[in-house]
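# Fold and geometry: a report
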Amino acid sequence: MTITIAPPIVVVRRRIPAPAAELFEAWLNPEAMAQWMRPSKVHRTTATVDARVGGRYEIIMEMESRAIPHRGVYITIDPPKRLVFTWHSPYTGGRDTLVEVDFAASGDHTEVVVTHQQLPEDERTGHNEGWTSALEKLAQRYGKS
Amino acid sequence: MPGAAQALVPVRSPAGHYPNSGPPAPVLTGACTLPIFTHMGEYKAEQLDRVFSALGDPTRRAILARLSTGDARVTDLAAGFSISLNSVSKHIRALERAGLLRRRIMGREHVLSIAPEPLADVASWIDHYRRFWEGRLADLETFVLEKRRKRQ
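Residues numbered from 1 in each chain as written. Chains lettered and ligands numbered in written order. Predicted model: local features only at pLDDT ≥ 70, side-chain atom pairs only at ≥ 80, totals over all residues.

### Overview of the overall build of chain A
- A count of helical and extended segments in chain A gives three helices and seven strands.
- Listed by position from the N terminus, the elements making up chain A come as β-α-α-β-β-β-β-β-β-α.
- Taking all 145 residues of chain A together, 37% fall into the buried category.
- Contacts spanning at least 24 positions in sequence make up 35% of the contacts within chain A whose residues lie at least 6 apart. (Helix = DSSP H or I, 4+ residues; strand = E, 2+ residues; numbered from the N terminus. Buried ≥ 20, exposed ≤ 12 C-beta atoms within 10 Å, placed from the backbone. Contact = placed C-beta atoms within 7 Å.)

Shown next as structure tokens:
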């Protein structure tokens, strides 16, 4: 039996022939998100966005039988280079996870890198800990240095 | 059991992107079904959460990696780590709570073996979000290029 062990992290990258600014903008624009944040089984996506650090977003993906909410808070908004936010959905075990999006321009292309990971235990919003302090810790660790 | 028929092949992990990454850890791969994402009960979600917490620590991943090569007595396992037996025991208990380890008591010896089922759930989670983000980035490209084309 060969079993191998991975840290729970997903890294996905794509090189897109468009300027970083246009791609970055599409991550925070609800009308844009309604179009590209829509997997094939989802017939409609609606998004609301409060695009500032500490602001919240909500993306509802409506499927045939149910609507799947995705919610989170922006940790870093650094256009057109980096966007970091928490991500909470029925698929994250009811917990906050972390999504980091980096935009690296090269010539007339931009490489977009999405890193999605579980938050370490001590950086989650604790029950006894204010949200602000948890957010500050996150910003310290994952924000722009 | 979803993990039973999977081909488990070592793959390089995305080293350098994970804050705690040591040497590249191998990754559990395989053709994953997504049992937890179709009828994901609260229990399953909590269990998965414990598994993720357990795997978030490099020492615990190293313990699992060691056990993936064969069962081991607690004392022998601890001897392979530079930290104290007490620390290793704590990590072992965390892994047990996550359902990642089984402990057999044989006389005075505690023998540990790996329980692979939760790792299949982790692989499913990773696979689910890899597909999700790959799909989103493809659609992002389509959306932005279409917008540019219309503007021209």
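### A closer look at the environment of Val42(A)
All names here are of chain A.
- In this structure, valine 42 sits in the loop between helix H2 (30-36) and strand E2 (44-49).
- Residue valine 42 is classed as partly exposed on the basis of its 15 C-beta neighbours within 10 Å.
- Spatially, the C-alpha atom of valine 42 lies 27 Å from that of alanine 20, the residues being 22 residues apart in sequence.
- Excluding its chain neighbours within four sequence positions, the residues that come into contact with valine 42 are Met61, Glu62 and Met63.

### Considerations on the sheet that holds strand E4 (residues 67-78) of chain A
- Read across the open sheet, the seven strands follow the order E1-E7-E6-E5-E4-E3-E2 (chain A); overall the sheet is antiparallel. Edge positions in the sheet fall to strand E1 (9-16) and E2 of chain A, since each of these pairs with one other strand and no more. Strand-to-strand twist of the sheet, defined as the mean angle between neighbouring strand axes without regard to direction, takes the value 20°.
- Sheet topology places strand E5 (residues 82-87) of chain A next to strand E6 (residues 97-106) of chain A; six bridges connect them, and they run antiparallel. Of the residues in E6(A), the one forming a bridge with Trp87(A) is Thr97(A).
- Docked against the sheet, helix H1 (residues 20-28) of chain A engages E1, E2, E5, E6 and strand E7 (109-118) of chain A, running at close to 160° with respect to E6(A).
- The strands touched by helix H6 (residues 117-151) of chain B are E1 and E7 of chain A; relative to E1(A), the strand with the most contacts, the crossing angle is about 20°. (Pairing = 2+ DSSP bridges. Axes fitted to C-alpha atoms, helices over the stretch in contact; angles between N-to-C directions.)

### Section: unusual backbone geometry
- For the peptide bond that leads from Pro79(A) to Pro80(A), omega is -5°, which places it in the cis range.
- Structurally, Pro80(A) can be placed in the loop between E4 and E5.

### Considering helix H3 (residues 58-67) of chain B
- By the burial criterion, the buried members of H3(B) are Arg60(B), Arg61(B), Ile63(B), Leu64(B) and Leu67(B). Along the long axis of H3(B), the arc covered by the buried residues comes to 155°, so they all point the same way. (Arc of directions from axis to C-beta.)

### A closer look at the nonpolar core
- Formed by 64 residues in total, the largest nonpolar core has its most connected members in Leu23(A), Ala26(A), Phe85(A), Val51(B), Leu95(B), Leu100(B) and Val122(B).
- The element best represented in this core is H6(B), accounting for 12 residues.
- In contact with Leu23(A), other than residues within four places in its own chain, are Ile16(A), Ala18(A), Phe103(A), Thr110(A), Val112(A), Leu140(B) and Val144(B). (Core = buried A, V, L, I, M, F, W, Y, C linked by C-beta atoms within 7 Å.)

### A short note on the packing of H1(A) against H6(B)
- Closest axis-to-axis distance for the H1(A)/H6(B) pair is 10 Å, and the angle between their directions is 115°. One way to sum up the angle between H1(A) and H6(B) is to call them roughly perpendicular. As for the relative orientation of H1(A) and H6(B), their crossing is right-handed in sense. From H1(A), Glu22(A), Leu23(A) and Ala26(A) reach across to H6(B), where they touch Leu140(B), Phe143(B) and Val144(B).
- Considering only residue class, the contact of H1(A) with H6(B) consists of five nonpolar, no polar and one charged. (Parallel < 35°, antiparallel > 145°, perpendicular 65-115°, else oblique. Left-handed = near helix turned anticlockwise from the far one by under 90°. Nonpolar A, V, L, I, M, F, W, Y, C, P; charged D, E, K, R; others polar.)

### Quick look at the packing of H3(B) against helix H5 (residues 85-97) of chain B
Residue and element names in this part refer to chain B.
- It is the contact of H3 with H5, at a shortest axis distance of 10 Å, that shows an interaxial angle of 75°. Viewed along their axes, H3 and H5 adopt a mutual orientation that is roughly perpendicular. Taking contact as the criterion, the partners of Thr59, Arg60, Ile63 and Leu64 in H3 are, on H5, His91, Ile92, Ala94 and Leu95.
- Taken together, the residues that form the contact of H3 with H5 break down as five nonpolar, two polar and one charged.

### A look at the environment of Glu31(A)
- Looking at where Glu31(A) falls in the secondary structure, it is placed in helix H2.
- C-alpha of Glu31(A) to C-alpha of Ala47(A): the two residues are 16 residues apart in sequence and 7.4 Å apart in space.

### Points about the confidence of the model for chain B
Residues and elements named next belong to chain B.
- Of the residues in chain B, 70% have a pLDDT of 70 or more, and the chain-wide mean is 76.
- In the model of chain B, helix H1 (residues 35-38) stands out as the element of lowest mean pLDDT, 42, in contrast to strand E1 (residues 72-73), which has the highest, 95.
- Contacts for the low-pLDDT stretch residues 1-43, under 50 throughout, to residues beyond four places or in other chains number 73 contacts.
- The ipTM, which scores confidence in the relative placement of chains, is 0.88 for this predicted complex, and the corresponding pTM is 0.75. (pLDDT = per-residue confidence, 0-100.)

### Examining the environment of Glu117(B)
Residues and elements named next belong to chain B.
- Along the polypeptide, glutamate 117 turns up in helix H6.
- C-beta crowding within 10 Å serves as the criterion here: with 14 such atoms nearby, glutamate 117 is assigned to the partly exposed category.
- Considering only alpha carbons, one finds glutamate 117 and arginine 136, 19 residues apart in sequence, at a separation of 29 Å.

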